[in-house]
Amino acid sequence: MIAQPFDYSAPESVSEALALLGSRPDSRLLAGGQSLVPMMKLRLSTPAHLIDLTKIAELHYIVETNGSIRIGAMSTHRQIESSETLRQSCPLLAEAAGRIGDAQVRNMGTIGGSLSHADPAADYPAPLQALGAKVRLVSKGGERTLPIEEFLEDAFTTALTGAELLYEVIVPADPPGAGSAYLKLEQPASGFAVVGAAAQVAVQNGNFSLARLGLTGVGSKSYRARAVETALAGRPATPATIAEAAQQAAGGVEALSDIYAGADYRAHLARVCARRVLEAALARAK
Amino acid sequence: MKVQGDFLLPLDQQAAWNLLLDAGVLARAMPGCESLLPTGPDQYDMRMKIAVSSIRGLFGGQVRIEDKNPPASYRLVLQGEGKLGHLRGAGLLALSGEAESTRVRYDGEVQIGGLIASVGERMLDLTAKMMIRRFFGALEKEARAWTQAPAPSSGLPTGNVT
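Here the structure is a predicted model, which means the values were calculated and not measured.

A few points about empty space enclosed by the protein
Applying the stated rule across the entire model yields 4 cavities of 30 Å³ or more. Of the volumes computed, that of the largest cavity is approximately 740 Å³. When residues of the lining of the largest cavity are traced back to their parent elements, those giving at least two are β3 (43–52), β4 (55–69), β5 (73–82), β6 (85–98), β7 (101–113) and α3 (121–148) of chain B. Considering every element that reaches the lining of the largest cavity, the biggest residue donor is α3(B), with 8 residues. A per-class count over the lining of the largest cavity returns 27 nonpolar, 5 polar and 2 charged. Of the pockets and cavities examined, the second largest cavity occupies roughly 60 Å³. In this structure, the second largest cavity is lined by A:A118, A:D119, A:P120, A:P125, A:L152, A:D154, A:K221 and A:S222. Split by residue class, the lining of the second largest cavity holds 4 nonpolar, 1 polar and 3 charged.

Put into structure tokens, the structure is as follows:
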């Protein structure tokens, strides 16, 4: 099908985009179009006005400052996957970006678009939860910065108001010696994670001095598996500790169930992926 | 698709029963409900605006309350239609007292068809569960408002609710 007719604007600055967004109801921001455009072609989404953000130069950047890496919302998955800055200072995010969809999707899709769409099986939320990332939102009236856990409220639901735009994602640079890994079991047709797990660990004197785990695809929203992190903190950095802690990866989460994976199987996958990804991250820690 | 679960209302069972049959409360708690107007005893016309991700659509339909067994259970039947498709659902709500609170169990079935079904099972399932969570979350808030000012509304449904 072809999308219903709509008006199209391609502003060149964020302030112009925000003014357009406020100027008429039923406007939608268009980032890489990898979720919105298919919905429009199915005529499930019929916005009267699209505001294309691709020409806004100020939203395309990946820079490291003061121990943080700031990623402009219009950075594509491919740019994140191949960014030298990220590969050096936050390889977990680059690794996860490289697992999104296929090459065509990665060339078009953006981190800002993906997060604003808030698919609970998307790849980014797992590493961003594990890293304790933040997002900066801007509107005509001002701006605010939220932890990723507060930004992603529910399936397809974010803290964004209709007048806001996601400007950038902020992730901390890895502490020295940290190791990280992203692992997912994917739906073969869509590439979406049935379960995706991201871990970051560091070891001091044989014990875990840092252990973080983010999961996506398991429940209706991504989450940090704090019970697993607590069970690892300060304990010997061994496969036995990991195996025991990983048992709590799906604790307290109502696992999703669909034709591909029932709730029990999904919870099981969460525990298995948690164990494997923690082992992989440990193997990379120095 | 099956929907099943339970939630806790901070009210005794009789008050919880009254809350769950108060059209004004239901209209405020149902996500996207724009109006809920009585057409007969325990029957209402409903207008709902669905807004999930980039999908926006208006649904019109009916809500019926059947098999009332106060203050223990009733069946909620709803059907709706819009440009995006149609939906039919029915489920049993069962109340049981639990200390000062009331546990409400729901068990039902929802069928969704038409254009919207093309988004696939995964998204429909997620969306249905999210709307149920929002509904019960809102009911909990309503219940807390009742415990603070225990003056149930007249039971007369409101016209337009935002």
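Quick notes on the pattern of salt bridges
By the definition in use, this model includes 26 salt bridges over all chains. B:E142 is the salt-bridge partner of B:R28, the closest N and O atoms lying 2.8 Å from each other. In this pair, B:R28 sits in helix α2 (residues 23–29) while B:E142 sits in helix α3, placing the two residues 114 residues apart along the sequence. Judged by its relative accessible area of 41%, B:R28 falls in the partly exposed class. We classify B:E142 as buried; its relative accessible area is 14%. Between B:D42 and B:K68 there is a salt bridge, with the nearest N and O atoms lying 3.0 Å from each other. Taken together, the residues span a long stretch of sequence, with B:D42 in the loop between β2 (33–40) and β3 and B:K68 in strand β4 at a distance of 26 residues. Judged by its relative accessible area of 23%, B:D42 is partly exposed. On the basis of relative accessible area, B:K68 is assigned to the partly exposed category, the value being 40%. Among the charged side chains, a salt-bridge network with shared partners connects A:R70, A:R136, A:E143 and A:E168.

Overview of the layout of surface pockets
Taken as a whole, the second largest pocket holds about 300 Å³ of empty space. If you go around the second largest pocket, you meet 16 residues; those closest to its centre are A:G219, A:S220, A:K221, A:V253 and A:E254. Elements that contribute at least two residues to the lining of the second largest pocket include exactly β14 (223–224) of chain A together with α3 of chain B. Along the lines of polarity and charge, the residues of the lining of the second largest pocket split into 4 nonpolar, 5 polar and 7 charged.

Remarks on the interface of chain B and chain A
Each partner contributes to the interface: chain B provides 20 residues, whereas chain A provides 24 residues. Where chain B abuts chain A, roughly 1,900 Å² becomes buried across the two surfaces, and 55% of that area is made up of carbon and sulfur atoms. Its largest share of buried area at the contact with chain A, chain B owes to B:S54, B:R122 and B:L126, together 32% of the area lost on that side. The interface formed by chain B and chain A includes 1 salt bridge. One salt bridge in this structure joins B:R133 and A:D154, with 2.5 Å as the shortest N-O distance. For the interface between chain B and chain A, the tally reads 4 residue pairs in polar contact (both at pLDDT 80 or more).

Some thoughts on the nonpolar core
Formed by 53 residues in total, the largest nonpolar core has its most connected members in B:L9, B:L19, B:L20, B:L36, B:Y74 and B:L139. At 11 residues, the largest contribution of residues to this core is made by α3(B). Once residues within four sequence positions are removed from consideration, B:Y74 is found in contact with B:W17, B:L20, B:L21, B:I65, B:E66, B:D67, B:K68, B:G91, B:L92 and B:L93. A:C90, A:I100, A:F151 and A:A159 belong to the second-largest nonpolar core, a separate cluster that totals 35 residues.

Definitions and cut-offs
- Numbering of residues starts from 1 in each chain and follows the order in which that chain's sequence is written.
- Key to labels: chains lettered from A, ligands numbered from 1, both in the order written.
- Note on the predicted model: pLDDT of at least 70 is required for a residue's local features to be given, and 80 or more for side-chain atom pairs to be given and counted; whole-chain, interface and lining totals, by contrast, use all residues.
- In computing side-chain values, all of the structure's heavy atoms are included and hydrogens and water are not.
- Two kinds of site are reported from a 1 Å grid over the protein atoms alone, namely cavities, where a 1.4 Å probe fits but cannot get out, and pockets, open sets with protein on both sides within 12 Å along at least five of seven lines, and residues are called lining when an atom falls within 4 Å of a point.
- Grid points are joined across faces, edges and corners, and a volume is the space filled by probe spheres set on the points.
- Secondary structure elements are taken from DSSP: a helix is a run of H or I of four residues or more, a strand is a run of E of two residues or more, and numbering for both begins at the N terminus.
- Residues are sorted three ways: Asp, Glu, Lys and Arg are charged, Ala, Val, Leu, Ile, Met, Phe, Trp, Tyr, Cys and Pro are nonpolar, and all the rest, Gly among them, are polar.
- Any carboxyl oxygen of Asp or Glu that lies within 4 Å of a side-chain nitrogen of Lys or Arg is treated as forming a salt bridge with it.
- For each residue, the accessible area found with a 1.4 Å probe, counting protein chains only, is set against the maximum for its type, and the residue is called buried under 20%, exposed over 50%, and partly exposed in between.
- Contact definition: two residues touch when any of their heavy atoms are within 4.5 Å.
- A quick way to say it: buried area is the sum, across both parts, of accessible area lost when two parts are put together, with a 1.4 Å probe.
- Counted as a polar contact is a pair of N or O atoms within 3.5 Å, where, for protein atoms, one must be capable of donating a hydrogen and the other of accepting one, and residues adjacent in sequence contribute only when both atoms are in side chains.
- The nonpolar core is taken to be a set of buried Ala, Val, Leu, Ile, Met, Phe, Trp, Tyr and Cys residues, with the residues joined through side-chain atoms within 4.5 Å.

This is a description of form; function is not addressed.
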